[in-house]
Amino acid sequence: MVEVSGSRVLMVEGDAALAVAKALASDTRQAMLGLLTHQVLNVSELAGAMNLPHSTVSFNINQLQAVGLVSVEVEPGTRGQQKLCSKRYDEVRLRLPGAAIESRPNVISISMPIGSYRHVEAKPTCGLVSESKIIGMLDDSRSFFEPEHVYAQLLWFGGSGYVDYAFPNNLPYGAVPSHLELSMEICSEAPQFNEDFPSDITLWINDKEIGTWTSPGDYGGKPSLLMPSWWQVDRTTHGLLKQWSVGEKGSMIDGVALGTVKIGDLDLPQTNHIKVRLGIKDDARNRGGLNLFGRKFGNYPQDIVMRIAFDFPRGHGPDAVGADASASPRPREMR
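Residues numbered from 1 in each chain as written. Predicted model: local features only at pLDDT ≥ 70, side-chain atom pairs only at ≥ 80, totals over all residues. Heavy atoms only, no water.

Here's the deal with the nonpolar core
- Counting 47 residues, the largest nonpolar core has Leu155, Tyr165, Phe167, Trp244, Leu266, Leu292 and Ile304 as the members making the most contacts within it.
- Residues Leu41, Val43, Leu46 and Ile61 belong to the second largest nonpolar core, which totals 22 residues. (Core = buried A, V, L, I, M, F, W, Y, C linked by side-chain atoms within 4.5 Å. Buried < 20%, exposed > 50% of the residue type's maximum accessible area, 1.4 Å probe, protein only.)

Here you go:
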């Protein structure tokens, strides 16, 4: 939850958004918030104004207080103590799960939450957690299909397996991609954790194998910068930030040559979405699984981030009308 500075607006996302939405899904609680808009009332006054039992009002006030929509202060009253209730916010803004897209001249950036996968094949040890709880059951692959999986901030599976994402293709019509980068925080998956536990993690884009990186191990034993307070340090707590890239000369990882797949091989202008798969092959030498971190877990506040640089052929860009036809296109680089 984030309070917008200088105003009575509450920004909520993830699990908090779901909890606030549930608290507001009640005519009784909405009526209470209406009564508290311009006045502070105790529970007895609310019960009288709404013609409801004291116990019903107390229950609903507790629901609103639990998600931070009302404040409750206990003060002395004429017959013991009284609970004074006040409304904290006038507006709530919910941030929905899904990919966030940013664009600057000739570069598109797409941030994909790790829980917004299209499909997953996972074997124990496996699981996923949000910023506040375990989703489903640990070591049960069925948990990956719980509706709450979209709120995942850490997911993992051991041995071989994969997770698939469908990134929106926001290349402008007529644009020619020149470079694609994909970055994420990732590591191996060992029981509990083991920093000497290699895993051969492979990336595919649009069914083209980009290359394999061997993760040295699974990192834990100490708190990470973004680790939720309820998570235990005797488990995985963080990974390594890795960046795969595909350009006009081939593919790389962290700037080191990796393979021969080129940006043109991905057929980006011909697809309505971009398929991304992260996984461990069944025949990999090191089948050590993977951990994938969201922006609220690990050491790096980011989801899976894709950046695509592009150019327009001469005379076909948005500024083509009236442009100097003799001008040469300038290649773009991401920085």
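Here we look at the environment of Ala309
- Turning to its location among the elements, Ala309 is positioned in strand β23 (residues 304-311).
- In this structure the C-alpha to C-alpha distance between Ala309 and Glu181, which are 128 residues apart in sequence, comes to 8.8 Å. (Helix = DSSP H or I, 4+ residues; strand = E, 2+ residues; numbered from the N terminus.)

Digging into the pairing of strand β22 (residues 290-293)
- Burial along β22 is two-sided: the face carrying Leu290 and Leu292 and the face carrying Asn291 and Phe293 are both buried.
- Bridge count between strand β11 (residues 154-157) and β22: four bridges; the pairing is antiparallel. Bridge pairing in β22 places Phe157 opposite Leu290.
- Direction of pairing for strand β13 (residues 176-187) relative to β22: antiparallel, over a ladder of three bridges. Bridging from a neighbouring strand, Cys187 pairs with Asn291 of β22. (Pairing = 2+ DSSP bridges.)

What to know about the pattern of salt bridges
- Within this structure, the stated rule accounts for nine salt bridges.
- Its salt-bridge partner being Lys296, residue Glu131 comes within 3.2 Å of it at the nearest N-O pair. With Glu131 in the loop between β10 (126-129) and β11 and Lys296 in the loop between β22 and β23, this pair connects stretches of sequence that are 165 residues apart.
- Its relative accessible area of 29% is what places Glu131 among the partly exposed residues. (Salt bridge = Lys/Arg side-chain N within 4 Å of Asp/Glu carboxyl O.)

Some thoughts on the packing of aromatic side chains
- Evaluation of the coordinates by the stated rule reveals six aromatic pairs.
- Relative to Phe144, the ring of Tyr117 lies with its centre 6.4 Å away and its plane at 50 degrees, an arrangement referred to as tilted. Residue Tyr117 is found in the loop between β8 (107-112) and β9 (119-121), and its partner Phe144 is found in the loop between β10 and β11; the two are separated by 27 residues along the sequence.
- Owing to a relative accessible area of 8%, Tyr117 belongs among the buried residues under this scheme.
- Ring centres of Trp230 and Trp231 lie 5.5 Å apart, and the angle between their planes is 90 degrees; this geometry places the pair in the edge-to-face category.
- Looking at Trp230, the relative accessible area reads 31%, which means it is partly exposed.
- Here a set of aromatic residues connected by ring pairs shows up, and it is made of Trp156, Trp230, Trp231, Phe293 and Phe297.
- Of note, Arg235 hangs over the ring of Trp231, and the distance from its end group to the ring centre comes to 4.8 Å.
- The cationic tip of Arg277 hangs over the ring face of Tyr162; the distance from NZ or CZ to the ring centre is 3.5 Å. (Phe/Tyr/Trp six-rings, centres within 6.5 Å; stacked < 30°, edge-to-face > 60°. Lys NZ or Arg CZ within 6 Å of the ring centre and 35° of its normal.)

As for the sheet that holds strand β14 (residues 199-205)
- Strand order in the open sheet formed by five strands is β9-β12-β21-β14-β15, with antiparallel pairing between adjacent strands. In this open sheet, the two strands that pair with only one neighbour each are β9 and β15 (208-215). Put simply, the sheet's adjacent strands are angled 15 degrees from each other on average, direction ignored.
- Two strands pair when backbone bridges link them, and β14 and strand β21 (residues 273-280) are joined in this way by four bridges, in the antiparallel orientation. Bridge pairing links Thr202 to Gly279 in β21. (Axes fitted to C-alpha atoms, helices over the stretch in contact; angles between N-to-C directions.)

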